[in-house]
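# Descriptive structure summary
Single-letter residue listing:
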Amino acid sequence: MRIAPTAIPGAYLVTPEQLPDERGAFWEGMRADKLEEVLGEPFVPRQISYSVSRRNTLRGIHTVAVPPGQAKYVSCVRGALRDIIVDLRVGSPTFGRHHVCTLDASSGRSLYIPEGVGHGFLTLDDDTCICYVMSTVYAPGTQIDINPFDPELHLPWDITEEPLMSPKDKAAAGLAQTLAAGVLPRWNGEEP
């Protein structure tokens, strides 16, 4: 398993070593001990969720207020998606910057997303299923949504047709409005 840093501090792309044979393939999707070596702290799963989406569905950009905060380990277990994370931690050296990667079921790649980093994706295939392993359970009223088409972020969705989106994601505020509202987390857990 190779755990490589992304352009966003604390976020990592995890690529498994696949062991193929005539039956198919085997790989480790997550190793808490290996992840802990890189993070310097434990990642303790508290909730596992899935979403299944039609091709050209855009979900995000989402994060969770701190507290409670929420780190995520995301994997595509069926289909393929363009995954984008955005640093939303006020004071971070990469605040407002993004990292893009493709997650698909055949590669087994996963993405570790630390607290305060926003996450979104565009499905590339019908019936795409993503698995979220999260460090905290869902807490109503703590989710922060950022408009995925905010021109300030200029995210490279590479969309050729109108995506399927929830009304909540379509109506989400931009980064500047959310920053002005004072709800974004601080870099290194600093209090606002």
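Refer to the structure above for everything that follows.
These numbers were taken from a predicted model, which means no experiment stands behind them.

Calculation rules
- Residues numbered from 1 in each chain as written.
- Predicted model: local features only at pLDDT ≥ 70, side-chain atom pairs only at ≥ 80, totals over all residues.
- Heavy atoms only, no water.
- Pairing = 2+ DSSP bridges.
- Helix = DSSP H or I, 4+ residues; strand = E, 2+ residues; numbered from the N terminus.
- Axes fitted to C-alpha atoms, helices over the stretch in contact; angles between N-to-C directions.
- Contact = heavy atoms within 4.5 Å.
- Phe/Tyr/Trp six-rings, centres within 6.5 Å; stacked < 30°, edge-to-face > 60°.
- Polar contact = N/O pair within 3.5 Å; in protein donor to acceptor, adjacent residues only side chain to side chain.
- Buried < 20%, exposed > 50% of the residue type's maximum accessible area, 1.4 Å probe, protein only.
- Salt bridge = Lys/Arg side-chain N within 4 Å of Asp/Glu carboxyl O.

For the rest of this paragraph, the subject is the sheet that holds strand S2 (residues 12-15). If you walk across this open sheet you meet the six strands as S1-S2-S10-S7-S12-S5, and the pairing is antiparallel. Both edges of this open sheet fall to strand S1 (2-5) and strand S5 (47-53), since each of them pairs with a single strand only. Looking at each pair of strands side by side, their axes are set apart by 20° on average, direction ignored. Alignment of S5 against strand S12 (residues 128-134), held across seven bridges, turns out to be antiparallel. Counted as the bridge partner of glutamine 47 is methionine 134 from S12. Strand contacts of helix H1 (residues 32-39): S1, S2, strand S7 (72-78) and strand S10 (110-113), with the helix running at about 30° to S1, the strand carrying the most contacts.

The next thing to look at is the sheet that holds strand S6 (residues 58-64). Here five strands make up an open sheet; going across it, the order is S9-S8-S11-S6-S13 and the pairing antiparallel. Unpaired on one side and paired on the other, strand S9 (98-104) and strand S13 (143-145) mark the two borders of the sheet. Within this sheet the neighbouring strands show an average axis-to-axis angle of 25°, counted without direction. Across three bridges, S6 lies against strand S11 (residues 117-123) in antiparallel orientation. If you follow leucine 58 over to S11, its bridge partner there is leucine 122.

Applying the stated criterion across every chain yields a total of one aromatic pair. Ring centres of phenylalanine 43 and tyrosine 112 lie 5.5 Å apart, and the angle between their planes is 90°; on these two criteria the pair is classed as edge-to-face. A residue pair is termed long-range when its members are at least 10 positions apart, and phenylalanine 43 in the loop between H1 and S5 and tyrosine 112 in strand S10 qualify at 69 residues.

What follows covers the side chain of threonine 178. One can find threonine 178 in helix H3 (residues 175-180). A distance of 2.8 Å separates a polar side-chain atom of threonine 178 from the backbone oxygen of glycine 174.

This part covers unusual backbone geometry. Backbone torsion omega between glycine 60 and isoleucine 61 reads 15°, so that peptide bond is classified as cis. Of note, isoleucine 61 is situated in strand S6. Residue proline 67 follows valine 66 across a cis peptide bond; omega there is -5°. Mapped onto the secondary structure, proline 67 falls in the loop between S6 and S7. Located in the positive-phi region is asparagine 56, a residue other than glycine, with phi close to 70°. Following the sequence through the fold, asparagine 56 ends up in the loop between S5 and S6. Positive phi is not limited to glycine here, since histidine 154 has a value of about 50°. Assignment of secondary structure puts histidine 154 in the loop between S13 and helix H2 (167-170).

Summarising burial for strand S8 (residues 80-87): eight of the eight residues are buried, a large majority. Of the two faces of S8, the one carrying Ala80, Arg82, Ile84 and Val86 and the one carrying Leu81, Asp83, Ile85 and Asp87 are both buried. As judged from the seven bridges shared by S8 and S9, these two strands associate in the antiparallel manner. Looking at S9, one finds that valine 86 is bridged to histidine 98. When S8 meets S11, the two strands line up antiparallel, connected through seven bridges. The partner of isoleucine 85 across the bridge, within S11, is histidine 119.

Okay, the pattern of salt bridges next. Enumeration according to the criterion identifies ten salt bridges in this entry. Aspartate 21 is the salt-bridge partner of arginine 23, the closest N and O atoms lying 2.4 Å from each other. The residue arginine 82 makes a salt bridge to aspartate 158 at a minimum N-O spacing of 4.0 Å. Here arginine 82 is found in strand S8, whereas its partner aspartate 158 is found in the loop between S13 and H2, with 76 residues between them in sequence. Given the relative accessible area of 56%, aspartate 158 is considered exposed. Connected through shared salt-bridge partners, Glu28, Arg31 and Asp33 make up one network.

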